[in-house]
Each structure stands twice: as C-alpha cells, then as structure tokens.
Amino acid sequence: MDFHTILTIRRQWDVAGEMEYHERPASFRQARLNPFDRGEEDDGPPGGKTPPRDEMRPELFSSESRSQSLDRAMDLGLAEDHFSRPVGSFVASDIEQLKMAIEECKRLILELPEHSERQKDTVVKLIHLRLKLQELKDPEEDEPNLRVLLEHRFSKEKSKSVKQTCDKCSTIIWGLIQTWYTCTGCYYRCHSKCLNLINKPCVRSKVSHQSAYELSICPEIGLDRQDYRCAECRTPVSLRGVPSEARQCDYTGQYYCSTCHWNDTAVIPARVIHNWEFEPRKVCRSSMRYLALMIPRPVLKLREINPLLFNFVEELVEIRKLRQDILLMKPYFITCKEAMEARLLLQLHDRQHFVENNDMYSLQDLIDISSGRLSCSLTEIHTTFAKHIKLDCDRCQAKGFVCELCKEGDILFPFDSHTTVCHDCSAVFHRDCFYDNSTTCPKCARMTERKHDEPPDLKDT
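Conventions used here
Residues numbered from 1 in each chain as written. Predicted model: local features only at pLDDT ≥ 70, side-chain atom pairs only at ≥ 80, totals over all residues. Heavy atoms only, no water. Helix = DSSP H or I, 4+ residues; strand = E, 2+ residues; numbered from the N terminus. Contact = heavy atoms within 4.5 Å. Buried < 20%, exposed > 50% of the residue type's maximum accessible area, 1.4 Å probe, protein only. Pairing = 2+ DSSP bridges. Axes fitted to C-alpha atoms, helices over the stretch in contact; angles between N-to-C directions. Phe/Tyr/Trp six-rings, centres within 6.5 Å; stacked < 30°, edge-to-face > 60°. Lys NZ or Arg CZ within 6 Å of the ring centre and 35° of its normal. Disulfide = S-S within 2.5 Å. Salt bridge = Lys/Arg side-chain N within 4 Å of Asp/Glu carboxyl O. Polar contact = N/O pair within 3.5 Å; in protein donor to acceptor, adjacent residues only side chain to side chain. Core = buried A, V, L, I, M, F, W, Y, C linked by side-chain atoms within 4.5 Å. pLDDT = per-residue confidence, 0-100.

S.K.: I'd like to hear about the overall build of the protein chain, residue by residue, with values.
M.R.: Per the secondary structure count, the protein chain includes 18 helices and twelve strands. Counted over contacts in the protein chain with a minimum sequence separation of 6, partners at least 24 positions apart contribute 60%.

In structure tokens form, the structure reads like this:
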C-alpha cells in the first residue's frame, strides 16, 4: 500500500474525532478478542451450533489461530494506558510493547487481502501506533520561540504540515506531534531534538562575508583528495555506494554523502557566464542554499569576466542599452517634484542596481534575460520613463536640448536613439550632425574661448 493511501486513511480517521478514536478499540476488546473477526459468530449454521473442532479444515484453523495471536499483540499497543499520559515519564517497557505491536501490524498488513476492510483498519492502527511511539521518543516540551546557534537564528514553527524534511537527520518532520525550527536566514529546517547536533554554520553569514561565485565549471579535485569522505560531514563515501553513495556537487566539484546531498538542482553561475547554459545541475544542500541567497545579488561584472559574451548574445546588448538610457533619465527624476511624488524610480525596486550602474548583473538578471522576461518588463519601464520626460512633465521637457550644429528639429534628450552626447560637457546633438562636423562640440569651444578671455585675477580665483 502506497504512502498516499496511508495519508488518506489517516485524514479520514482524524475527522472522526479523538472521542471515537478512544472508544473504538475499547468496543472491539469488549466485543471479541479479535476485532477483525466480524460477523463470524453470527454467520454460523442455523440453530447456533458450530461444527466440531475436528471437522474444521486444518489450514483454515492454523491461519485463524495465527491471525488471532497477531491481533492480540497488535491490540496491546492500542490499550488505553498507552494513549493517556501518566504523571512522569514512560518506562522502556511501554516503548518496547509499541514496537512489538507495530511489527505485528506490518506483518498482518502484508498477509491480509489487498484493499480489504481488515487491511484498512490495520493500517489505521499502524499509523496511530507509530505516531504514539514518536510522541514517546520526542515528548512535547516548553521550547523557546527563538534559538541562536552557529549564526543560525532558529524560529519555532507552528505549521502542522507533514511535508517538511529535517535537514539534519533527513527524516520527515511530523508537525502534529513534533516541535521544529526554521532558520530565518538560510531556511535550514530541523527537529527541536536535532538542534544541538547541528554542525553547519548559517549560509547567510557566508553570503555576507564572501559575496562571490565560484567561476570555474565544476572544479573537481577527486575523491582521493577528499580521503574518500564527504566534503562536509566527513562520512566515508564511495562511488560504489558502500558504505555511502558519493554524490558530486556541480557547483563546488566536491563529493558529498546522501545526507548532505539530496540531488537538488540549481542553475550554475559559471556555466551561465562561460557557456550561456541555464540547465539546472545537481548540487549539495549547502550549495543550494548559498545559490538561492546569492541569486538576486548583483555581483557579476560581465564586462570583465567575459566581455565576448556581448558579441554572441543579442539580448545582452539590448538590456545594456536600456540600462544606459535609464541612467541618463535618472537626473531628470531626482530633480522633478512630480516624478518624486509618483515614485517612478521605485518601479525598479527589485533591481536597484539598474539605477546605480550599467555593468553589474545578478544571476537572476541573466536567467530573466535568457527567458525574455527582463526585456519585456524593462522595455515597458523605459517607455513609461520616456513618456514622463518628453510628454507628461513640462519641467522635464524644459531640460531638453537643441542641436547647436543644425539648429533644427525637435527637442533632443540624451536617451534618444538618434542622438549623441558630448562626454565633456554633456551637450546633446544629432548623431549625424555631430560626426559630419569633425566631432567638434560648439559648447566645449565656447567654454574654452571664455577661459582664455577671462582676466588673470579671475582665473586665479
């Protein structure tokens, strides 16, 4: 029987309520020794007579006797004293009896007919026996709401979800009966009983102290250099899976055990920068958390790491031009009252580096460029910004330029596609006019001539 069927039966049992749950085992024990032998006494021959013992088939008799003995052992685990918490702690015999009852339940489930009522009832009993055993091993205590350990800031969780997995012991966290914590920095999850066993520091501290990616593609050093041990917990590993399977992390290139490497996948920054490849690769748990925290950080300077990438990826050139235009629009907005009230620059609040420079990228930027999402959103924002400056705001329009070379045409702005900006005085001209006039800037010429005409005493001041 699969795990989903067990969960479905468990939910149905919980809906029935705790009262019914306590009353049903008691009613079974009062009615008959074996709770699964339903109707066998009532279905006998007319007149209430039962056939002689020697007339019964020996194979049926032996099967029923074994089933009754299994039911007796299983029923011990569901006695009322196991489900009522006494004053003080449970003794070891209670746990041993529960373990025996669980084993008998598991054996009986395999022997009973598939999807039968008796099998479903046994599964329900097995679930509650296991939950009770877990409760005895991990009793509820008054746990603090916040724990600080190895730079982790663990916050006590109140969710009752059973879909979480402990990052320390790799087992399911049963939120119904177990206390568990989540680190608010790196989202490390674990049981309360596993807190004192944690030996991995918080990944967020690494992000704060070392905000840089490994830019070599899968820098493998070999198992022999790792002494055939996990790179993190030092557990013995082997490629043959004995004693533990060695799993390689594509980000660090090192090998890890199955406890530290769950075959999670992530986009590798080195493969993106050098090969423009975005296929997720298998990484260890610590690398997965590190990459998840680093993905929005603008730490990639593509112009220095791989400048040739702009020659082969057209989308990068388009995004670079849009970012350059936005930087040219920024002075208009920070001096415009209407733009400040409308908070136009906050449209880029999730990519703040776009209004600070045009050469730093985050891994998320590159992923969105590859998928086309960034080009669409940034073009829309660029259109909104340009509309405010050129059409909606009179103050911003008054800060435009007239081409001093031809003195014709509309008002020019530095972010227009057909203009050129002087690098010395920031004057704006038509591109064709500027290059046809031997790239001589009239404004720069006037400023130079004015300096020569100034009196010596004014120059000194």
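S.K.: Would you mind going over unusual backbone geometry in detail, with residue names and values included?
M.R.: Note: most peptide bonds trans; most residues except glycine with negative phi. Non-glycine residue Y228 carries a positive phi angle of around 55 degrees. Examined against the element boundaries, Y228 turns out to sit in the loop between helix 6 (203–209) and strand 5 (247–248). The class of Y228 is partly exposed, set by a relative accessible area of 48%. For S426, which is not a glycine, the phi torsion comes out positive at approximately 65 degrees. Topologically, S426 is positioned in the loop between strand 11 (419–421) and strand 12 (428–430). On the basis of relative accessible area, S426 is assigned to the partly exposed category, the value being 44%.

S.K.: Outline the sheet that holds strand 3 (residues 180–183), listing residues and values.
M.R.: Judged by pairing direction, the sheet is antiparallel, and its four strands sit side by side in the order 1-2-3-4 without closing on themselves. Two strands in the sheet have a free side with no partner beyond their single neighbour: strand 1 (146–149) and strand 4 (189–191). Neighbour-to-neighbour, the strand axes of the sheet open up by a mean angle of 30 degrees, direction not taken into account.

S.K.: How would you sum up helix 13 (residues 363–371)? Please name residues and give values.
M.R.: All of the buried residues along helix 13 are L363, D365, L366, I367, D368 and I369. Phi for G372, located one or two positions after helix 13, is positive at around 90 degrees.

S.K.: Could you give me a rundown of the packing of aromatic side chains, with the residues and numbers involved?
M.R.: Scanning the model with the defined rule gives seven aromatic pairs in all. Grouped by ring-pair contacts, the aromatic residues Y332, F413 and F415 constitute a single cluster. Its guanidinium or amino end placed over the ring of W262, R285 lies 3.9 Å from that ring's centre, counting from NZ or CZ. Over the ring of F310 we find R320; its NZ or CZ atom is 4.5 Å from the centre of that ring.

S.K.: An account of the state of the cysteines is needed here, citing residue identities and associated values.
M.R.: On inspection of all chains with the given rule, the structure shows zero disulfides. Looking at C233, it has no disulfide partner, and the nearest cysteine sulfur is the one in C257, 3.4 Å off. Cysteine C441 is unpaired, with the sulfur of C425 as its nearest cysteine sulfur at 3.5 Å. You can call C441 buried: its relative accessible area is 6%.

S.K.: Summarise the pattern of salt bridges; cite the residues concerned and give the values.
M.R.: Between side chains of opposite charge, a pair can form when the charged atoms approach closely. Under the criterion given, the structure shown has 21 salt bridges. For R351, the salt bridge identified is with D365, shortest N-O distance 2.3 Å. Of this pair, R351 sits in the loop between helix 12 (337–342) and strand 10 (360–361) while D365 sits in helix 13, and the two are 14 residues apart along the sequence. The pair formed by R351 and D365 is uniform in burial state, with each residue classed as buried. Linked through salt bridges whose partners overlap, the residues forming this network are D167, D264, R285 and R289.

S.K.: Tell me what's going on with the side chain of K200, and back it up with residues and numbers.
M.R.: Within the secondary structure, K200 sits in the loop between strand 4 and helix 6. Polar contacts involving the side chain of K200 include one to the side chain of E232, which spans 3.2 Å.

S.K.: Go over the nonpolar core, please, and point to the residues and values.
M.R.: Among the nonpolar cores identified, the biggest contains 72 residues, and L316 and L366 are the most heavily contacted of them. Counting residues per element, this core draws most heavily on helix 11 (residues 314–334), at seven residues. In this view, L316 contacts W276, L302, L309, F310, Y361, L366 and I369; residues no more than four positions away in its chain are not counted.

S.K.: Hey, could you go over the confidence of the model for the protein chain for me, with residue numbers and the actual values?
M.R.: Caution applies to low-pLDDT regions: their predicted coordinates should not be interpreted in detail. Predicted confidence across the protein chain gives a mean pLDDT of 77, with 74% of residues reaching 70 or more. The secondary-structure element of the protein chain with the lowest mean pLDDT is helix 3 (residues 58–77), recorded at 45, while strand 8 (residues 281–283) shows the highest, at 96. A low-confidence stretch, residues 15–22 (pLDDT under 50), is modelled with four contacts involving residues beyond four sequence positions or located in other chains. Segment residues 24–67 is flagged for pLDDT under 50; beyond a separation of four residues in sequence, or across chains, it makes 38 contacts in the model.

S.K.: Give me the pairing of strand 2 (residues 152–156): which residues, what numbers.
M.R.: The pairing of strand 1 with strand 2 spans four bridges and is antiparallel. Paired with V148 across the bridge in strand 2 is R153. Hairpin connection from strand 1 to strand 2: two residues lie between these consecutive antiparallel strands, with L150 at a positive phi of about 50 degrees. Two elements, strand 2 and strand 3, share three bridges in a ladder whose sense is antiparallel.

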